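# Descriptive structure summary
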Amino acid sequence: FIELRSRSFYKRDFFNFLEEIGFNLVNIDIRKEEGILVGPWLSVGEKNYIRLHGRGEKSPYDYLYSEEELKKFKEKIKKLDLRKETVVIFNNTTKAKGVYNALIFKRLFNYKVNIPKPLEKAYRERKYE
């Protein structure tokens, strides 16, 4: 698996080369900055690997994805070659935000999920405050 951070790698020929030599591309989400390759949401290699780092201002890992953001990721993932094994990793690890996001994400794919009450209370989206 290879995770590319620079947009300079965003070339079809390079992705074909990676596949030829047996690499799998890691599709990432991280705070957008100049020159950073987000995505690229391509299926390269034998497996699909998605790593959601987070978009926090001070630290990308201190970020809680909203359910709407997770729904957008679901749609992007559905466009990959799903005949391949697909792995999604949440790397927004600060204060177990990734755990909560992973459980919500599994629900979006119709898995039965029980979220621990303290985690639900800490992070559920509130309509009214």
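Everything quoted here is computed from the prediction, not taken from an experiment. (Residues numbered from 1 in each chain as written. Predicted model: local features only at pLDDT ≥ 70, side-chain atom pairs only at ≥ 80, totals over all residues. Heavy atoms only, no water.)

Moving on: unusual backbone geometry. Residue proline 40 is reached from glycine 39 by a cis peptide bond, and omega for that bond is 5°. With respect to the helices and strands, the residue proline 40 is situated in the loop between strand S1 (26-30) and strand S2 (47-54). A positive phi angle, close to 60°, is found at tryptophan 41, a residue other than glycine. Structurally, tryptophan 41 is set in the loop between S1 and S2. With a relative accessible area of 17%, tryptophan 41 lands in the buried category. Notably, alanine 96 is not glycine yet its phi reads approximately 60°, a positive angle. You can see alanine 96 is positioned in the loop between strand S3 (85-90) and helix H3 (97-108). (Helix = DSSP H or I, 4+ residues; strand = E, 2+ residues; numbered from the N terminus. Buried < 20%, exposed > 50% of the residue type's maximum accessible area, 1.4 Å probe, protein only.)

On to the side chain of lysine 97, then. Here lysine 97 shows up in helix H3. Those residues within four positions of lysine 97 in sequence are excluded, and the remaining contacts are Asp62, Tyr63, Leu64, Asn92 and Tyr123. (Contact = heavy atoms within 4.5 Å.)

If you trace the three strands from one edge of the open sheet to the other, you get S1-S2-S3, paired in parallel fashion. Only two strands of the sheet have a single partner each, and these edge strands are S1 and S3. For this sheet the average axis-to-axis angle between neighbouring strands, irrespective of direction, equals 15°. The pairing of S1 with S2 spans five bridges and is parallel. Residue pairing for S2: aspartate 29 is matched across the bridge by leucine 52. Contacts from helix H2 (residues 67-78) reach S1, S2 and S3 within the one sheet, and its direction differs from that of S3 by about 155°. (Pairing = 2+ DSSP bridges. Axes fitted to C-alpha atoms, helices over the stretch in contact; angles between N-to-C directions.)

Moving on: a positive patch on the surface. Taken together, the side chains of Arg7, Lys32, Lys72, Lys76 and Lys79 make up a positively charged region of the molecular surface. A residue is classified by how much of its surface remains accessible, and lysine 76, at 35% relative accessible area, is partly exposed. (Patch = residues over 30% accessible without salt bridge, like charges linked within 9 Å, V, L, I, M, F, W, Y side chains within 5 Å. Areas by Shrake-Rupley, 256 points an atom, 1.4 Å probe, with all protein chains shown as cover. Salt bridge = Lys/Arg side-chain N within 4 Å of Asp/Glu carboxyl O. Lys, Arg positive; Asp, Glu negative; His and termini not counted. Charge placed at Lys NZ, Arg CZ, Asp CG, Glu CD.)

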